[in-house]
Amino acid sequence: MAAGSLVLVRDGYLIAYAVTAKTRWAAAPDIPTIDEAGVPGLYASVWHGLWAPKGTPREVITRLNSAVQAALADATVRQRFADQGQDIPPREQQTPQALAAQQKAEIEKWWPIIKAANIKAE
Amino acid sequence: MASYIARRKFLATLLGGAAGWPFTARAQAYPSRPITIVVPFPAGGPTDTLARILAEHVRISLGQSVIIENVSGAGGSIGVGRVARAAPDGYTVSIGHSQTHGLNGAIYQLPYDVVKDFEPVSLLADTPIWIVARKTLPAKDLRELIAWLKENPGKATAGTVGVLAIPEITGIYFQKKTGTSFSLCRTAAPPRSTKICWPGISTSISVWRRAPSCLCAMAIS
């Protein structure tokens with residue numbers, strides 16, 4: 001993502017006004033955050049997560065979570081995620097609780113907007 | 001159920017400390033066979049790429065093979081639905097994102113619940129939406145862009161890129177927050193896209209088609 005779209009900016013086709021995040025984006029740190037650019041709080045992102053089916057035993061979730069945390073701490077994995085324009089959340093957010101909270105907050109934020117705009121599957 | 005519990009209790013009393021052993025052993029044995037990560041999009045896309053990077057490391061930690069299965073269609077809901085119905089044993093898991101495990105619940109009629117049918121494991125990564133425009137637009141920064149949009153209500157078009165609704169709803173949210181008004185035009189996701197609705201930059205779409213990952217942007221023209 002970073003590579004393809006930054007080429008457009010560098011070639012002079014596009015100007016990048018802001019990224020819709022609280023912090024600057026590692027893949028293009030020269031682009032201001034939305035707060036800096038003058039529209040505080042207009043956050044939107046594509047965030048990835050990992051889920052198991054409901055009812056998966058707690059100890060299995062813990063084992064999977066530890067494996068994911070180990071992967072996200074690995075220098076090679078971090079670099080490869082960064083190459084994809086992906087920011088890795090801080091360690092304290094690499095938990096089932098943080099993912100549940102994120103999912104809940106996003107649903108509360110976006111569902112009313114989607115329903116009001118009547119966005120439906122094509 | 002009650003009699004089952006009573007029997008368990010009785011057995012536990014009989015066997016003393018060893019009663020918990022078979023259950024603990026089963027948990028410790030996980031994983032004893034390959035794990036499948038269902039990617040609800042085609043191979044080569046951003047979610048698939050992240051899954052493969054993750055899988056390479058996770059299989060070492062878990063000491064088991066990790067299989068990536070691409071089950072695409074219906075905005076990711078086919079693949080996510082497969083995991084919703086899978087046995088809850090940790091051998092089938094779902095990688096997805098803000099749309100598949102969030103927004104799709106409002107966009108699609110789903111045969112599963114994006115929250116209630118899953119156990120969260122971990123957040124993995126985050127990437128923002130960018131707001132970009134043609135270089136020829138007479139606005140040097142976002143404040144000037146907003147001023148320009150206010151002076152020209154309804155005249156601008158924002159192209160949102162990707163199968164995802166996230167850039168599109170960002171465009172709606174942006175208009176609400178800034179008191180601006182422009183139309184939105186959704187384009188297909190690279191690499192499948194051959195047309196784009198942004199005047200003046202269609203020649204550079206070939207660059208986008210080679211991009212390693214999806215580009216989530218809202219572009220004003």
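Residues numbered from 1 in each chain as written. Chains lettered and ligands numbered in written order. Predicted model: local features only at pLDDT ≥ 70, side-chain atom pairs only at ≥ 80, totals over all residues. Heavy atoms only, no water.

Draft legend 1. Just the overall build of chain A, in detail. A tally of helices and strands in chain A yields five helices and two strands. Each helix (α) and strand (β) of chain A, taken in turn from the N terminus, gives the series α-β-α-β-α-α-α. Taking all 122 residues of chain A together, the buried fraction comes to 52%. Considering only residue pairs separated by 6 or more positions, chain A has 35% of its internal contacts joining residues 24 or more positions apart. In the structure as shown, chain A presents an accessible area of about 5400 Å², 54% of it carried by carbon and sulfur atoms. (Helix = DSSP H or I, 4+ residues; strand = E, 2+ residues; numbered from the N terminus. Buried < 20%, exposed > 50% of the residue type's maximum accessible area, 1.4 Å probe, protein only. Contact = heavy atoms within 4.5 Å. Areas by Shrake-Rupley, 256 points an atom, 1.4 Å probe, with all protein chains shown as cover.)

Draft legend 2. Spotlight on the nonpolar core. Residues Tyr17, Trp110 and Ile114 of chain A together with Leu142, Leu145 and Phe174 of chain B are the most contacted members of the largest nonpolar core, which totals 35 residues. When residues of this core are traced back to their parent elements, those giving at least two are strand S1 (14-19), helix H2 (34-37) and helix H5 (96-117) of chain A together with helix H5 (99-107), strand S5 (130-134), helix H6 (142-151) and helix H7 (166-178) of chain B. The residues that make up this core include at least three from each of domain 1 (2-107) and domain 2 (129-220) of chain B. Counting 32 residues, the second largest nonpolar core, distinct from the first, contains Ala67 and Ala71 of chain A together with Tyr30 and Val93 of chain B. (Core = buried A, V, L, I, M, F, W, Y, C linked by side-chain atoms within 4.5 Å. Domains from an automatic or database assignment.)

Draft legend 3. Here's a closer look at the pairing of strand S4 (residues 118-128) of chain B. Taken across its eleven residues, S4 of chain B has ten buried, putting it largely inside the fold. Across nine bridges, strand S2 (residues 45-53) of chain A lies against S4 of chain B in antiparallel orientation. When the bridges of S4 of chain B are listed, histidine 48 of chain A appears paired with alanine 125 of chain B. (Pairing = 2+ DSSP bridges.)

Draft legend 4. Structural detail: helix H3 (residues 58-73) of chain A. An ideal rise of 1.5 Å per residue puts 22 Å on 16 residues; H3 of chain A measures up with 22 Å between its terminal C-alpha atoms. Burial in H3 of chain A covers these residues: Val60, Ile61, Leu64, Asn65, Ala67, Val68, Gln69, Ala71 and Leu72 of chain A. Structurally, H3 of chain A contributes buried residues whose contacts are with S2, helix H4 (75-83) and H5 of chain A together with helix H3 (46-62), strand S3 (92-97) and S4 of chain B. (Expected span 1.5 Å × (residues − 1).)

Draft legend 5. Up close: the interface of chain A and chain B. Contacts between the two partners involve 87 residues from chain A, matched on the other side by 89 residues from chain B. Regarding the contact of chain A and chain B, the summed buried area is about 8200 Å², with carbon and sulfur atoms giving 69% of it. Here chain A is connected to chain B by three salt bridges. Between glutamate 119 of chain B and arginine 58 of chain A there is a salt bridge whose closest N-O contact spans 3.6 Å. Put simply, chain A and chain B have 29 residue pairs in polar contact (both at pLDDT 80 or more) between them. Elements supplying a minimum of two residues to the side of chain A that touches chain B: helix H1 (2-10), S1, H2, S2, H3, H4 and H5 of chain A. Per element, the largest residue contribution to the side of chain A that touches chain B is 15 residues, and it comes from H5 of chain A. Residues that form the side of chain A that touches chain B fall into these classes: 54 nonpolar, 20 polar and 13 charged. Strand direction decides the pairing type here: S2 of chain A and S3 of chain B, joined by four bridges, are antiparallel. Bridging from a neighbouring strand, histidine 48 of chain A pairs with histidine 97 of chain B of S3 of chain B. (Buried area = accessible area lost by both parts, 1.4 Å probe. Salt bridge = Lys/Arg side-chain N within 4 Å of Asp/Glu carboxyl O. Polar contact = N/O pair within 3.5 Å; in protein donor to acceptor, adjacent residues only side chain to side chain. Nonpolar A, V, L, I, M, F, W, Y, C, P; charged D, E, K, R; others polar.)

Draft legend 6. Structural context of helix H4 (residues 77-84) of chain B. Taking burial as the measure, the eight residues of H4 of chain B include six buried ones, the bulk of the element. For H4 of chain B, the full list of buried residues reads Ser77, Gly79, Val80, Gly81, Val83 and Ala84 of chain B. Summarising the contacts, the buried residues of H4 of chain B are in contact with S2 of chain A together with strand S1 (35-39), S3, H5 and S4 of chain B.

Draft legend 7. Looking closely at the sheet that holds S1 of chain B. Taken in spatial order, the five strands make up an open sheet running S2(B)-S1(B)-S3(B)-S2(A)-S4(B), and their pairing is mixed. Two strands bound the open sheet, and with one partner strand each, they are strand S2 (66-70) and S4 of chain B. Each adjacent strand pair in this sheet contributes to an overall mean axis angle of 20°, direction not counted. When S1 of chain B meets S3 of chain B, the two strands line up parallel, connected through three bridges. Each residue of the ladder has a partner; that of valine 38 of chain B, found in S3 of chain B, is serine 94 of chain B. (Axes fitted to C-alpha atoms, helices over the stretch in contact; angles between N-to-C directions.)

Draft legend 8. Focus on the pattern of salt bridges. What the rule picks out here adds up to nine salt bridges over all chains. Residue glutamate 119 of chain B pairs with lysine 54 of chain A through a salt bridge whose shortest N-O separation is 3.9 Å. Here the residue glutamate 119 of chain B occupies a position in strand S4, and lysine 54 of chain A occupies one in the loop between S2 and H3, the pair thus bridging two chains. For glutamate 119 of chain B, a relative accessible area of 11% corresponds to the buried category. Here aspartate 48 of chain B ties to arginine 52 of chain B by a salt bridge, and the two come within 2.8 Å at their closest N and O atoms. Here the residue aspartate 48 of chain B and the residue arginine 52 of chain B both occupy positions in helix H3, the gap between them amounting to four residues, near one helical turn. One connected set of salt bridges, linked through shared partners, spans Lys54 and Arg58 of chain A together with Glu119 of chain B.

Draft legend 9. Quick peek at the environment of isoleucine 88 of chain A. Looking at the element boundaries, isoleucine 88 of chain A is found in the loop between H4 and H5. When the C-alpha atoms of isoleucine 88 of chain A and leucine 72 of chain A are compared, they prove to be 7.2 Å apart, with 16 residues separating the residues in sequence. Excluding residues that lie within four positions of it along the chain, isoleucine 88 of chain A makes contacts with Leu72, Arg78, Phe81 and Gln94 of chain A together with Leu124 of chain B.

Draft legend 10. Broad picture of unusual backbone geometry. Between tyrosine 30 of chain B and the following residue, proline 31 of chain B, the backbone shows a cis peptide bond with an omega angle of -5°. As for its position among the elements, proline 31 of chain B is in the loop between helix H2 (21-29) and S1. The phi torsion at asparagine 118 of chain A lies on the positive side, around 55°, for a residue other than glycine. For asparagine 118 of chain A, the location among the structural elements is in the segment after H5. With phi around 50°, alanine 74 of chain B is a residue other than glycine that occupies positive phi space. Relative to the helices and strands, alanine 74 of chain B resides in the loop between S2 and H4. Classification of alanine 74 of chain B as partly exposed rests on a relative accessible area of 38%.

Fair warning: the whole summary comes from geometry, so function is off the table for now.
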